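Analysis of the macromolecular model
Okay, here's what each chain looks like letter by letter:
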Amino acid sequence: DQARRVWNGMFDRRPALIARCAGAADVARSLQFAAAHDLLIAVRGGGHSMSGQSVCEGGLLIDLGGLRSVRVDPRARTAVVGAGSLLGDLDREAQFFGLATTAGTVSHTGAAGLTLGGGFGRLGRRFGLTCDNVLAADVVTADGRLVRASDKDDAELLWGLRGGGGNFGVVTAFEYRLHPVDPTILGGPILFPFESARDVLRFHAEYAPGLPDELNLDAAVVCPPGGRPLVILEACYSGADKARGEALLAPVRKFAKPLADKVGPMPYLALQTQGDEANAWGQRYYVKSGFVDELSPALIDAVIDGYRPDPGRTSVLLLQHLGGAIARVRNSATAFPHRSARFDLMSLASWKDPAGDDTHTGWVRGHWQALQPYARGFYFNSAMEGGDDRVRANFGGNFPRLVRLKRRYDPQN
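The structure reproduced in this document is the subject of the present report.

Right, let's talk about the sheet that holds strand S1 (residues 17-20) for a bit. Strand order across the open sheet formed by three strands is S1-S3-S2, with parallel pairing between neighbours. In the strand order of this sheet, the two ends are held by S1 and strand S2 (41-44), each with one partner. Here the average twist between neighbouring strands, direction ignored, is 20°. Strand direction decides the pairing type here: S2 and strand S3 (residues 60-63), joined by four bridges, are parallel. Paired with Val43 across the bridge in S3 is Ile62. The strands that helix H1 (residues 24-36) touches are S1, S2 and S3; relative to S3, the one it contacts most, it runs at about 170°.

Given below as C-alpha coordinates:
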(Lines give C-alpha, C1' and ligand atoms only; values in the text may rest on other atoms or scores of the structure.)
Protein backbone atom coordinates (compact mmCIF):
# COMPACT_ATOMS: atom_id res chain seq x y z
CA ASP A 1 0.00 0.00 0.00
CA GLN A 2 2.75 2.47 0.87
CA ALA A 3 4.58 1.83 -2.40
CA ARG A 4 1.50 2.52 -4.54
CA ARG A 5 0.49 5.77 -2.81
CA VAL A 6 1.06 9.02 -4.68
CA TRP A 7 1.05 12.70 -3.78
CA ASN A 8 -2.44 13.51 -5.10
CA GLY A 9 -4.88 11.65 -2.86
CA MET A 10 -7.53 11.82 -5.62
CA PHE A 11 -5.87 8.73 -7.10
CA ASP A 12 -6.17 5.43 -5.21
CA ARG A 13 -5.07 2.91 -7.82
CA ARG A 14 -3.79 -0.63 -7.33
CA PRO A 15 -1.18 -1.86 -9.81
CA ALA A 16 -0.85 -5.62 -10.22
CA LEU A 17 2.93 -5.40 -9.84
CA ILE A 18 5.40 -2.85 -8.49
CA ALA A 19 8.99 -3.02 -9.69
CA ARG A 20 11.10 -1.13 -7.16
CA CYS A 21 14.10 -0.41 -9.36
CA ALA A 22 17.63 0.06 -8.06
CA GLY A 23 19.23 0.85 -11.41
CA ALA A 24 18.81 1.12 -15.15
CA ALA A 25 19.06 -2.66 -15.57
CA ASP A 26 15.97 -3.12 -13.40
CA VAL A 27 14.12 -0.56 -15.50
CA ALA A 28 15.09 -2.33 -18.73
CA ARG A 29 13.98 -5.73 -17.41
CA SER A 30 10.69 -4.23 -16.23
CA LEU A 31 9.95 -2.69 -19.63
CA GLN A 32 10.82 -5.93 -21.42
CA PHE A 33 8.53 -7.87 -19.08
CA ALA A 34 5.67 -5.40 -19.53
CA ALA A 35 6.01 -5.53 -23.32
CA ALA A 36 6.05 -9.34 -23.35
CA HIS A 37 2.84 -9.48 -21.30
CA ASP A 38 1.13 -6.41 -22.80
CA LEU A 39 0.88 -4.67 -19.42
CA LEU A 40 -0.20 -1.11 -18.80
CA ILE A 41 2.80 0.83 -17.42
CA ALA A 42 3.10 3.73 -15.02
CA VAL A 43 6.44 5.30 -14.12
CA ARG A 44 6.89 6.89 -10.72
CA GLY A 45 9.74 9.29 -10.05
CA GLY A 46 8.74 11.44 -7.09
CA GLY A 47 5.09 10.39 -7.29
CA HIS A 48 3.99 14.02 -7.67
CA SER A 49 1.99 13.81 -10.90
CA MET A 50 -0.99 16.17 -10.54
CA SER A 51 -3.03 13.99 -12.91
CA GLY A 52 -2.14 10.70 -11.19
CA GLN A 53 0.10 9.30 -13.92
CA SER A 54 2.57 8.10 -11.25
CA VAL A 55 0.40 5.00 -10.68
CA CYS A 56 -1.86 2.73 -12.77
CA GLU A 57 -4.69 0.30 -12.13
CA GLY A 58 -3.94 -3.37 -12.71
CA GLY A 59 -0.68 -2.89 -14.59
CA LEU A 60 3.03 -2.55 -13.80
CA LEU A 61 4.27 0.37 -11.73
CA ILE A 62 7.95 1.09 -12.39
CA ASP A 63 9.06 2.79 -9.18
CA LEU A 64 12.29 4.79 -9.54
CA GLY A 65 12.53 5.68 -5.84
CA GLY A 66 15.70 3.59 -5.54
CA LEU A 67 17.42 5.86 -8.08
CA ARG A 68 17.68 8.75 -5.64
CA SER A 69 21.10 10.36 -5.86
CA VAL A 70 22.71 13.70 -6.69
CA ARG A 71 26.36 14.14 -7.67
CA VAL A 72 27.56 17.71 -8.14
CA ASP A 73 30.73 18.66 -10.04
CA PRO A 74 31.45 22.17 -8.72
CA ARG A 75 34.17 22.84 -11.27
CA ALA A 76 32.09 21.92 -14.30
CA ARG A 77 28.97 23.37 -12.61
CA THR A 78 26.92 20.30 -13.39
CA ALA A 79 24.86 17.79 -11.42
CA VAL A 80 23.98 14.20 -12.30
CA VAL A 81 20.62 13.41 -10.70
CA GLY A 82 18.93 10.03 -10.43
CA ALA A 83 15.32 9.91 -11.62
CA GLY A 84 14.00 9.06 -8.14
CA SER A 85 15.43 12.26 -6.66
CA LEU A 86 13.35 15.09 -5.28
CA LEU A 87 13.93 18.76 -6.02
CA GLY A 88 15.05 19.31 -2.45
CA ASP A 89 17.83 16.76 -2.97
CA LEU A 90 19.14 18.73 -5.95
CA ASP A 91 18.80 22.10 -4.21
CA ARG A 92 20.58 20.92 -1.07
CA GLU A 93 23.57 19.36 -2.84
CA ALA A 94 24.01 22.21 -5.32
CA GLN A 95 23.70 24.97 -2.71
CA PHE A 96 26.53 23.46 -0.68
CA PHE A 97 28.76 24.69 -3.53
CA GLY A 98 26.87 27.98 -4.03
CA LEU A 99 25.14 26.63 -7.13
CA ALA A 100 21.54 26.05 -8.25
CA THR A 101 19.30 25.58 -11.23
CA THR A 102 15.57 26.12 -11.76
CA ALA A 103 13.89 23.56 -9.50
CA GLY A 104 10.21 24.14 -8.85
CA THR A 105 8.60 25.66 -5.77
CA VAL A 106 7.82 22.57 -3.63
CA SER A 107 10.87 20.61 -2.49
CA HIS A 108 9.21 17.17 -2.32
CA THR A 109 8.34 17.28 -6.04
CA GLY A 110 10.14 14.69 -8.16
CA ALA A 111 12.88 16.16 -10.33
CA ALA A 112 12.17 13.84 -13.28
CA GLY A 113 8.51 14.64 -13.85
CA LEU A 114 9.03 18.36 -13.35
CA THR A 115 11.85 18.38 -15.90
CA LEU A 116 10.11 16.33 -18.58
CA GLY A 117 7.10 18.66 -18.55
CA GLY A 118 9.20 21.84 -18.73
CA GLY A 119 9.94 22.92 -15.17
CA PHE A 120 8.95 26.27 -13.66
CA GLY A 121 10.58 27.68 -10.54
CA ARG A 122 11.77 30.78 -8.73
CA LEU A 123 14.96 30.92 -10.82
CA GLY A 124 13.27 30.35 -14.18
CA ARG A 125 13.26 33.99 -15.26
CA ARG A 126 17.01 34.10 -14.65
CA PHE A 127 18.16 30.70 -15.93
CA GLY A 128 15.29 29.35 -18.03
CA LEU A 129 13.09 26.32 -17.47
CA THR A 130 14.44 23.24 -15.76
CA CYS A 131 14.41 21.45 -19.11
CA ASP A 132 16.48 24.26 -20.65
CA ASN A 133 19.23 23.31 -18.21
CA VAL A 134 19.32 19.61 -19.09
CA LEU A 135 22.62 18.73 -20.75
CA ALA A 136 22.02 15.01 -21.11
CA ALA A 137 19.76 12.17 -20.00
CA ASP A 138 20.12 8.40 -19.66
CA VAL A 139 17.01 6.78 -21.13
CA VAL A 140 15.75 3.20 -21.21
CA THR A 141 13.73 2.96 -24.42
CA ALA A 142 10.48 1.04 -24.83
CA ASP A 143 12.35 -1.99 -26.19
CA GLY A 144 14.68 -2.10 -23.16
CA ARG A 145 17.81 -0.44 -24.57
CA LEU A 146 19.80 2.11 -22.56
CA VAL A 147 20.71 5.20 -24.60
CA ARG A 148 22.23 8.56 -23.76
CA ALA A 149 20.57 11.67 -25.13
CA SER A 150 22.74 14.78 -25.42
CA ASP A 151 23.62 17.42 -27.99
CA LYS A 152 26.30 15.02 -29.27
CA ASP A 153 24.42 11.73 -28.91
CA ASP A 154 20.82 11.59 -30.08
CA ALA A 155 20.11 15.30 -29.95
CA GLU A 156 16.61 14.72 -31.32
CA LEU A 157 15.64 12.59 -28.32
CA LEU A 158 17.05 15.23 -25.98
CA TRP A 159 14.91 17.82 -27.77
CA GLY A 160 11.79 15.76 -27.07
CA LEU A 161 12.67 15.17 -23.43
CA ARG A 162 12.90 18.94 -22.90
CA GLY A 163 9.21 19.50 -22.32
CA GLY A 164 7.69 16.59 -24.29
CA GLY A 165 6.72 14.60 -21.21
CA GLY A 166 7.33 10.94 -20.46
CA ASN A 167 6.48 9.66 -23.92
CA PHE A 168 9.73 8.25 -25.27
CA GLY A 169 11.09 5.89 -22.63
CA VAL A 170 12.08 5.95 -18.97
CA VAL A 171 14.73 8.47 -17.94
CA THR A 172 16.98 7.03 -15.23
CA ALA A 173 19.28 10.05 -14.79
CA PHE A 174 19.60 13.68 -15.85
CA GLU A 175 22.66 15.87 -16.14
CA TYR A 176 21.85 19.51 -15.33
CA ARG A 177 23.71 22.75 -15.87
CA LEU A 178 24.16 24.63 -12.59
CA HIS A 179 24.64 28.37 -12.01
CA PRO A 180 26.22 30.43 -9.23
CA VAL A 181 23.50 31.44 -6.75
CA ASP A 182 24.28 32.95 -3.37
CA PRO A 183 22.86 30.65 -0.66
CA THR A 184 21.38 33.79 0.94
CA ILE A 185 18.78 35.43 -1.27
CA LEU A 186 16.30 38.26 -0.72
CA GLY A 187 12.90 36.66 -0.52
CA GLY A 188 9.63 35.90 1.21
CA PRO A 189 5.95 36.89 1.06
CA ILE A 190 4.19 40.22 1.44
CA LEU A 191 0.60 39.72 2.61
CA PHE A 192 -2.37 41.98 1.80
CA PRO A 193 -6.04 41.79 2.83
CA PHE A 194 -8.47 40.30 0.32
CA GLU A 195 -10.24 43.64 0.17
CA SER A 196 -7.16 44.98 -1.63
CA ALA A 197 -7.07 42.10 -4.13
CA ARG A 198 -7.96 44.15 -7.21
CA ASP A 199 -5.40 46.82 -6.37
CA VAL A 200 -2.69 44.24 -5.70
CA LEU A 201 -3.30 42.34 -8.93
CA ARG A 202 -3.49 45.55 -10.98
CA PHE A 203 -0.16 46.65 -9.52
CA HIS A 204 1.29 43.22 -10.26
CA ALA A 205 0.01 43.39 -13.84
CA GLU A 206 1.87 46.65 -14.42
CA TYR A 207 5.02 46.04 -12.40
CA ALA A 208 5.97 42.37 -12.82
CA PRO A 209 6.47 42.17 -16.63
CA GLY A 210 9.21 44.82 -16.63
CA LEU A 211 11.28 43.41 -13.79
CA PRO A 212 14.86 42.19 -14.37
CA ASP A 213 15.47 38.45 -14.58
CA GLU A 214 16.91 38.24 -11.06
CA LEU A 215 13.55 39.06 -9.45
CA ASN A 216 10.70 36.57 -9.51
CA LEU A 217 7.40 37.92 -8.18
CA ASP A 218 4.54 35.42 -7.96
CA ALA A 219 1.03 36.50 -6.97
CA ALA A 220 -1.59 34.38 -5.22
CA VAL A 221 -4.99 34.63 -3.58
CA VAL A 222 -5.12 32.00 -0.83
CA CYS A 223 -7.65 30.95 1.80
CA PRO A 224 -6.94 27.93 4.04
CA PRO A 225 -9.86 25.90 5.46
CA GLY A 226 -11.75 28.05 7.94
CA GLY A 227 -9.35 30.96 7.49
CA ARG A 228 -9.62 34.34 5.85
CA PRO A 229 -8.51 34.96 2.28
CA LEU A 230 -5.26 36.82 1.67
CA VAL A 231 -3.43 38.18 -1.35
CA ILE A 232 0.25 37.30 -1.41
CA LEU A 233 3.14 38.63 -3.47
CA GLU A 234 6.09 36.28 -3.03
CA ALA A 235 9.50 37.64 -3.97
CA CYS A 236 12.71 35.85 -4.82
CA TYR A 237 15.61 38.15 -5.71
CA SER A 238 18.60 35.91 -6.46
CA GLY A 239 21.04 38.54 -7.71
CA ALA A 240 24.31 39.27 -5.94
CA ASP A 241 23.51 42.96 -5.31
CA LYS A 242 21.01 42.84 -2.44
CA ALA A 243 20.75 46.64 -2.40
CA ARG A 244 19.46 46.53 -5.97
CA GLY A 245 16.95 43.90 -4.89
CA GLU A 246 15.74 46.12 -2.06
CA ALA A 247 15.32 49.01 -4.50
CA LEU A 248 13.30 46.85 -6.89
CA LEU A 249 11.04 45.71 -4.05
CA ALA A 250 10.48 49.22 -2.66
CA PRO A 251 7.48 49.93 -4.95
CA VAL A 252 5.91 46.61 -3.89
CA ARG A 253 6.10 47.72 -0.27
CA LYS A 254 4.78 51.24 -0.92
CA PHE A 255 1.80 50.95 -3.27
CA ALA A 256 -0.54 49.65 -0.52
CA LYS A 257 -0.36 48.91 3.18
CA PRO A 258 0.39 45.20 3.72
CA LEU A 259 -0.80 43.09 6.60
CA ALA A 260 2.70 41.67 6.91
CA ASP A 261 6.02 42.06 5.12
CA LYS A 262 8.19 38.97 5.51
CA VAL A 263 10.68 39.72 2.75
CA GLY A 264 14.28 39.76 3.87
CA PRO A 265 17.62 37.99 3.52
CA MET A 266 17.04 34.27 3.94
CA PRO A 267 18.51 30.95 2.80
CA TYR A 268 17.41 30.01 -0.70
CA LEU A 269 16.83 26.49 0.65
CA ALA A 270 14.37 27.89 3.20
CA LEU A 271 12.37 29.71 0.53
CA GLN A 272 12.31 26.56 -1.58
CA THR A 273 10.59 24.64 1.25
CA GLN A 274 8.02 27.27 2.27
CA GLY A 275 5.28 25.70 0.17
CA ASP A 276 5.91 22.12 1.30
CA GLU A 277 3.34 21.95 4.09
CA ALA A 278 0.58 23.65 2.10
CA ASN A 279 1.19 21.10 -0.68
CA ALA A 280 1.44 18.10 1.62
CA TRP A 281 1.31 14.48 0.45
CA GLY A 282 -2.02 12.69 0.45
CA GLN A 283 -4.37 15.65 0.19
CA ARG A 284 -6.82 15.73 -2.69
CA TYR A 285 -5.91 18.23 -5.42
CA TYR A 286 -7.70 19.56 -8.47
CA VAL A 287 -6.47 22.30 -10.78
CA LYS A 288 -7.20 24.14 -14.01
CA SER A 289 -4.52 26.30 -15.61
CA GLY A 290 -3.48 28.21 -18.70
CA PHE A 291 -0.95 30.74 -19.96
CA VAL A 292 -1.65 34.46 -19.89
CA ASP A 293 0.00 37.20 -21.95
CA GLU A 294 -1.70 40.11 -20.19
CA LEU A 295 -3.39 40.62 -16.82
CA SER A 296 -6.21 42.75 -18.16
CA PRO A 297 -8.69 44.52 -15.85
CA ALA A 298 -11.40 42.16 -17.13
CA LEU A 299 -9.32 39.09 -16.21
CA ILE A 300 -8.57 40.51 -12.76
CA ASP A 301 -12.28 41.10 -12.22
CA ALA A 302 -13.03 37.52 -13.25
CA VAL A 303 -10.38 36.24 -10.84
CA ILE A 304 -11.82 38.14 -7.87
CA ASP A 305 -15.52 37.80 -8.69
CA GLY A 306 -15.28 34.01 -9.02
CA TYR A 307 -13.08 33.41 -5.98
CA ARG A 308 -15.06 31.43 -3.39
CA PRO A 309 -13.43 30.36 -0.12
CA ASP A 310 -14.87 27.25 1.53
CA PRO A 311 -14.26 25.95 5.08
CA GLY A 312 -13.65 22.47 3.67
CA ARG A 313 -10.78 23.31 1.33
CA THR A 314 -7.78 25.48 0.58
CA SER A 315 -8.76 27.76 -2.31
CA VAL A 316 -5.90 29.11 -4.42
CA LEU A 317 -5.56 31.39 -7.41
CA LEU A 318 -1.92 31.52 -8.51
CA LEU A 319 -0.13 33.71 -11.04
CA GLN A 320 3.33 32.29 -11.59
CA HIS A 321 5.75 34.88 -12.98
CA LEU A 322 7.28 33.91 -16.35
CA GLY A 323 9.23 35.80 -19.00
CA GLY A 324 12.91 36.66 -18.76
CA ALA A 325 15.22 33.84 -19.86
CA ILE A 326 12.23 31.55 -20.51
CA ALA A 327 11.01 33.87 -23.25
CA ARG A 328 14.42 34.21 -24.92
CA VAL A 329 14.34 30.59 -26.11
CA ARG A 330 12.67 29.88 -29.45
CA ASN A 331 9.44 27.85 -29.31
CA SER A 332 11.01 25.23 -31.55
CA ALA A 333 14.31 24.98 -29.64
CA THR A 334 12.76 22.51 -27.18
CA ALA A 335 9.49 20.58 -27.13
CA PHE A 336 8.08 23.12 -24.64
CA PRO A 337 6.24 25.65 -26.86
CA HIS A 338 4.83 28.41 -24.62
CA ARG A 339 7.79 30.77 -24.45
CA SER A 340 6.09 34.14 -24.80
CA ALA A 341 3.63 33.81 -21.90
CA ARG A 342 3.98 36.35 -19.10
CA PHE A 343 2.20 34.28 -16.44
CA ASP A 344 0.93 30.79 -15.71
CA LEU A 345 -2.58 31.22 -14.29
CA MET A 346 -3.84 28.46 -12.02
CA SER A 347 -7.09 27.88 -10.10
CA LEU A 348 -6.55 25.14 -7.50
CA ALA A 349 -8.35 23.47 -4.62
CA SER A 350 -7.00 21.03 -2.04
CA TRP A 351 -8.99 19.19 0.62
CA LYS A 352 -8.96 16.00 2.72
CA ASP A 353 -12.51 14.63 2.83
CA PRO A 354 -13.48 12.55 -0.25
CA ALA A 355 -17.10 13.55 0.34
CA GLY A 356 -16.16 17.04 -0.85
CA ASP A 357 -14.85 15.93 -4.27
CA ASP A 358 -17.83 17.15 -6.31
CA THR A 359 -18.12 20.45 -4.46
CA HIS A 360 -14.46 21.41 -4.69
CA THR A 361 -13.76 20.21 -8.23
CA GLY A 362 -17.00 21.95 -9.23
CA TRP A 363 -15.75 25.26 -7.85
CA VAL A 364 -12.47 25.00 -9.77
CA ARG A 365 -14.27 24.16 -13.01
CA GLY A 366 -16.75 26.98 -12.56
CA HIS A 367 -14.05 29.50 -11.70
CA TRP A 368 -11.94 28.42 -14.64
CA GLN A 369 -14.88 28.74 -17.03
CA ALA A 370 -14.77 32.49 -16.41
CA LEU A 371 -10.96 32.67 -16.69
CA GLN A 372 -10.38 30.45 -19.71
CA PRO A 373 -11.26 33.08 -22.36
CA TYR A 374 -8.22 35.08 -21.20
CA ALA A 375 -5.79 32.13 -21.28
CA ARG A 376 -4.23 29.98 -23.98
CA GLY A 377 -2.74 26.52 -23.85
CA PHE A 378 -1.79 24.82 -20.60
CA TYR A 379 1.20 23.57 -18.63
CA PHE A 380 1.37 19.78 -18.91
CA ASN A 381 2.64 19.34 -15.36
CA SER A 382 -0.53 20.86 -13.91
CA ALA A 383 -3.01 19.39 -16.40
CA MET A 384 -5.71 17.09 -14.99
CA GLU A 385 -7.36 16.20 -18.30
CA GLY A 386 -5.87 15.61 -21.73
CA GLY A 387 -7.56 14.58 -24.97
CA ASP A 388 -5.88 14.17 -28.36
CA ASP A 389 -7.11 17.43 -29.85
CA ARG A 390 -6.19 19.42 -26.75
CA VAL A 391 -2.68 17.95 -26.62
CA ARG A 392 -2.13 18.50 -30.34
CA ALA A 393 -3.16 22.13 -30.06
CA ASN A 394 -1.05 22.69 -26.97
CA PHE A 395 2.19 21.59 -28.63
CA GLY A 396 1.42 23.72 -31.68
CA GLY A 397 4.12 23.58 -34.34
CA ASN A 398 6.18 21.13 -32.28
CA PHE A 399 3.54 18.40 -32.44
CA PRO A 400 4.51 16.77 -35.79
CA ARG A 401 8.14 16.51 -34.68
CA LEU A 402 7.08 14.87 -31.41
CA VAL A 403 4.95 12.37 -33.33
CA ARG A 404 7.94 11.40 -35.49
CA LEU A 405 10.03 10.92 -32.35
CA LYS A 406 7.30 8.79 -30.76
CA ARG A 407 7.12 6.56 -33.82
CA ARG A 408 10.87 6.11 -33.70
CA TYR A 409 11.23 5.23 -30.03
CA ASP A 410 7.86 3.81 -28.98
CA PRO A 411 5.79 2.87 -32.05
CA GLN A 412 3.57 0.50 -30.05
CA ASN A 413 2.83 3.13 -27.38
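Strand order across the open sheet formed by five strands is S4-S5-S9-S7-S8, with antiparallel pairing between neighbours. Of all the strands in the sheet, the pair left with one neighbour each is strand S4 (70-73) and strand S8 (146-150). Sheet twist, expressed as the average angle between the axes of neighbouring strands with direction ignored, equals 15°. On the sheet, helix H2 (residues 87-95) packs against S4, strand S5 (78-82) and strand S9 (170-177) and is oriented at approximately 30° with respect to S4.

On to the nonpolar core, then. Proteins that are soluble and globular tend to have nonpolar side chains buried together. Of all hydrophobic cores here, the largest spans 58 residues; its most connected members are Leu233, Val252, Leu295, Leu317, Leu319, Leu345 and Leu371. Setting aside its immediate chain neighbours within four residues, Leu233 contacts Gly188, Pro189, Ile190, Phe192, Val200, Phe203, His204, Leu217, Asp218, Ala219, Val252 and Phe255. With 55 residues, the next largest nonpolar core counts Val70, Val72, Ala111 and Trp159 among its residues.

A word on helix H12 (residues 399-409). By the burial criterion, the buried members of H12 are Phe399, Leu402, Leu405, Lys406 and Tyr409. Buried residues along H12 cover an arc of 120° about the axis, so they all sit on one side. In H12, those exposed residues whose orientation departs by more than 90 degrees from the buried face are Arg404, Arg407 and Arg408. Buried positions along H12 lie against helix H5 (155-161) and helix H11 (388-395).

Quick look at the environment of Asp153 now. Following the sequence through the fold, Asp153 ends up in the loop between S8 and H5. A relative accessible area of 42% places Asp153 in the partly exposed class. In this structure, the C-alpha to C-alpha distance between Asp153 and Ala136, residues 17 residues apart in sequence, is 8.8 Å.

The subject of this paragraph is the side chain of His338. One can find His338 in the loop between strand S17 (314-321) and strand S18 (343-351). Residue His338 is classed as buried on the basis of its relative accessible area, which comes to 8%. Separated by 3.4 Å, the side chains of His338 and Arg376 make a polar contact. Polar contacts involving the side chain of His338 include one to the side chain of Asn394, which spans 2.9 Å. Those residues in contact with His338, other than ones at most four positions away along the chain, are Phe291, Asn331, Arg376, Gly377, Phe378 and Asn394.

Another aspect to go through is unusual backbone geometry. Backbone geometry at Asp38 places phi at a positive 55°, although glycine is not the residue there. Since its relative accessible area comes to 72%, Asp38 is described here as exposed. A positive phi is found at Arg77, a non-glycine position, where the angle reads about 55°. Relative to the assigned elements, Arg77 resides in the loop between S4 and S5.

So, how was this worked out
Residues numbered from 1 in each chain as written. Predicted model: local features only at pLDDT ≥ 70, side-chain atom pairs only at ≥ 80, totals over all residues. Heavy atoms only, no water. Pairing = 2+ DSSP bridges. Helix = DSSP H or I, 4+ residues; strand = E, 2+ residues; numbered from the N terminus. Axes fitted to C-alpha atoms, helices over the stretch in contact; angles between N-to-C directions. Contact = heavy atoms within 4.5 Å. Core = buried A, V, L, I, M, F, W, Y, C linked by side-chain atoms within 4.5 Å. Buried < 20%, exposed > 50% of the residue type's maximum accessible area, 1.4 Å probe, protein only. Arc of directions from axis to C-beta. Polar contact = N/O pair within 3.5 Å; in protein donor to acceptor, adjacent residues only side chain to side chain.

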